[in-house]
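Working through the structure, step by step
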Amino acid sequence: MALLGGAVVLSACAGFDENVRSYGVLQAPVELERTAFYPQERYQCGPAALATVLDASGADVELEALTGQVYLPGRQGSLQVELLAAARAHERVPYVIDGTLSAVVAELDAGRPVLVLQNLGVDWFPQWHYAVIVGVDPLTDRIILRSGTERRRVTPTRTFLHTWRRGGFWAMVVLPPGEIPALPDKVRYFESVAAVEATGHLESAYAAWQAGVDRWPGDATALFGQASAAYELGHYAEAEAVYRQLLSTQPDLHPARNNLAYVLLAQGRKAEALAEIRWILARIADGDRNREIYEDSYRDIAGQ
C-alpha cells in the first residue's frame, strides 16, 4: 500500500473586455530585455517558446532535445500538455496563470516571461502559434514578444488580444521549485506541484510544497504534500511531525493517519503503526467504500 494523495490540472481565462479594462490601469512600461531568444524553425514555435521560459527559470536548455520532447510532426506543432510535461521533466513547476494582462504584468514584474498561445488565423481556420511575452508598454499601447524569428516583436495591444483570445487566453509561467506565482490560485498551484511530484522529481516537489506551506501556513493540502514528499525522500522525522500537526486539528483525516502509519513503520515502530490503522478501522463503518483501503494497509504493515 502506498501513501495516499492525488490531483487534477486546472486552467483559467478571462474575456476580451476584462483584459482591455485591466490593461487600462497599468502605469509604467516593463520589459525583460535579457530574456534569451531561440529563433524557431519551421512549425517549431512550441520548443522555441518553451526554451525561452525554461532558460529564464535557470534550467539547462538544449533546444534540439527539447524539440524531440514536445514537437509532434503529425500536427506540425506542439500541444499544451507536451509543454507542461517537458517543463516538469526539467524539474520546474509549470503554472497556468489567469488569462489576463494583469496576471501577465504581475509575472513580468516578478521577473518571469510568460508563454502564450495565439491563433494568428481565424476561428474557423486556425494558425496556432506560441510566443513569449517579455514586456508591455501601456504608454505606446504595445505588447513585446519573443516570437518566431523575431527577437523583439512589438504588437499593438488590441491586435495581440484578438490573437490571444482565439487561443483561449492560455498562458503559463515556469517556476523554479520554491517560487510562488505572482498572483497565485492556491488550488491550481497545489495541483501543479502534485503533477511535478507524480513525475518522480521529489526534490523539486518537496521545495515547491515547502513554498506552499510558507505562503499558506496551516493549509492542510500544503502540509499533506510536504509530509508526503518528506517521506518519499526519507525525511521520516519531519514527515511524522507534519502529519501529527495535521492530525492535531483534523484527527479524522484518515489519509494522513494512514500515511503516518507508514512513516512510523519506516522508523521501525511497527506496533505504533498498527495502532494508527486500528484507530481508523475502529471509526470507519463496515459499509464505507474506503474501509478496504485501510484494511489493506493493516495487512500490509502487519506482514512486514
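Residues numbered from 1 in each chain as written. Predicted model: local features only at pLDDT ≥ 70, side-chain atom pairs only at ≥ 80, totals over all residues. Heavy atoms only, no water.

1. Thoughts on the packing of aromatic side chains
Put simply, the rule is: Note on aromatic contacts: the rings of Phe and Tyr and the six-membered ring of Trp form a pair at centre separations within 6.5 Å, being stacked when their planes are under 30 degrees apart, edge-to-face when over 60 apart, and tilted otherwise. In this description a helix means any DSSP run of H or I spanning at least four residues, a strand means any run of E spanning at least two, and both kinds are numbered starting from the N terminus. Using a 1.4 Å probe on the protein chains alone, a residue whose accessible area is under 20% of its type maximum counts as buried, one over 50% counts as exposed, and one in between counts as partly exposed.
Using the criterion set out here, one finds ten aromatic pairs in the structure. Ring centres of Phe190 and Trp216 lie 5.3 Å apart, and the angle between their planes is 75°; on these two criteria the pair is classed as edge-to-face. One end of the pair, Phe190, is in helix α7 (residues 186-198); the other, Trp216, is in the loop between α8 (202-215) and α9 (220-232), and 26 residues separate them in sequence. Its relative accessible area of 5% is what places Phe190 among the buried residues. Among the aromatic side chains, those forming a connected cluster through ring pairs are Tyr189, Phe190, Trp209 and Trp216.

2. Regarding the side chain of Glu107
Inclusion rule: N or O atoms closer than or at 3.5 Å make up a polar contact, with two conditions inside protein: a donor-capable atom paired with an acceptor-capable one, and, for residues adjacent in sequence, both atoms drawn from side chains. By the convention used here, residues are in contact when the closest approach between their heavy atoms is within 4.5 Å.
Within the fold, Glu107 resides in helix α5 (residues 101-109). At 2.9 Å, the side chain of Glu107 forms a polar contact with the backbone nitrogen of Ala182. Every residue in contact with Glu107, bar those within four places of it in the chain, is listed here: Ile97, Arg112, Val114, Val173, Pro181, Ala182 and Leu183.

3. Some points on the packing of α9 against helix α10 (residues 236-249)
A pair of packed helices can be characterised by two numbers: the angle between their axes and the separation between those axes. For clarity, the cut-off: Angles here are taken between N-to-C directions and fall from 0 to 180 degrees, while the axes themselves are lines fitted to C-alpha atoms, restricted in helices to the stretch in contact. By the definition adopted for this analysis, an angle is roughly parallel if under 35 degrees, roughly antiparallel if over 145, roughly perpendicular if from 65 to 115, and oblique otherwise. Whether a crossing is left-handed or right-handed is set by the direction in which the near helix is turned from the far one by less than a right angle, anticlockwise for left-handed and clockwise for right-handed. Each residue is assigned to one class: nonpolar for Ala, Val, Leu, Ile, Met, Phe, Trp, Tyr, Cys and Pro, charged for Asp, Glu, Lys and Arg, and polar for all the others, Gly among them.
The contact between α9 and α10 brings their axes to 8 Å, and the two run at 155°. What the angle tells us is that α9 and α10 run roughly antiparallel. Crossing hand, α9 versus α10: left-handed. Counting all contacts with α9, which are made through Ala220, Leu223, Phe224, Gln226, Ala227, Ser228, Ala230 and Tyr231, the residues of α10 involved are Tyr236, Glu238, Ala239, Val242, Tyr243, Gln245 and Leu246. Grouping the constituent residues of the contact of α9 with α10 by class yields eleven nonpolar, three polar and one charged.

4. Examining the confidence of the model for the chain
Interpretation of this model should avoid reading the predicted coordinates in detail wherever pLDDT is low. As a reminder, the rule being used: What pLDDT conveys is the predictor's confidence in a given residue, as a value from 0 to 100.
Model confidence for the chain is summarised by a mean pLDDT of 88, while 87% of its residues fall at 70 or above. In the predicted structure, residues 5-11 sits below a pLDDT of 50 and forms eleven contacts with residues beyond four places in sequence or in another chain.

5. What to know about the pairing of strand β6 (residues 150-156)
A regular strand places its side chains on the two faces of the sheet in alternate fashion. Our working definition: Two strands form a pair only when DSSP identifies at least two bridges running between them.
In the sheet, strand β5 (residues 142-147) pairs with β6 via five bridges, with the strands oriented antiparallel. Within the sheet, the bridge partner assigned to Arg142 lies in β6 and is Pro156. Between the antiparallel neighbours β5 and β6 lie two residues, among them Gly148 with a positive phi of about 60°.

6. A look at unusual backbone geometry
A negative phi angle is the norm for most residues apart from glycine, just as the trans form is the norm for most peptide bonds. Unusually for a residue other than glycine, Glu91 sits at a positive phi of about 60°. For Glu91, the position within the fold is in the loop between α4 (80-89) and β2 (93-96). The exposure class of Glu91 is partly exposed, given its relative accessible area of 36%. The phi angle at Phe169 is positive, at roughly 55°, despite the residue not being glycine. For Phe169, the location among the structural elements is in the loop between α6 (157-165) and β7 (171-175).

7. What about helix α13 (residues 291-302)?
What counts here: For a helix, the expected span equals 1.5 Å multiplied by the residue count minus one. Note that the arc is defined by the directions from the helix axis to the C-beta atoms.
With twelve residues, α13 should cover 16 Å at 1.5 Å per step; its first-to-last C-alpha distance of 17 Å lies within 8% of that length. Among the residues making up α13, those that are buried are Arg291, Tyr294, Ser297 and Ile301. Looking straight down α13, one finds its buried side chains confined to an arc of 120°; they lie on one side. With respect to the buried face of α13, the exposed residues turned more than 90 degrees away are Glu292 and Arg299. Residues of α13 that are buried in the fold lie against α11 (254-266) and α12 (270-281).

8. Here's the deal with the environment of Arg278
Summarising the element assignment, Arg278 is placed in helix α12. Residue classification places Arg278 among the partly exposed residues on the basis of a relative accessible area of 44%. Each C-alpha atom, one on Arg278 and one on Tyr298, is 7.7 Å from the other, the two residues being 20 residues apart in sequence.

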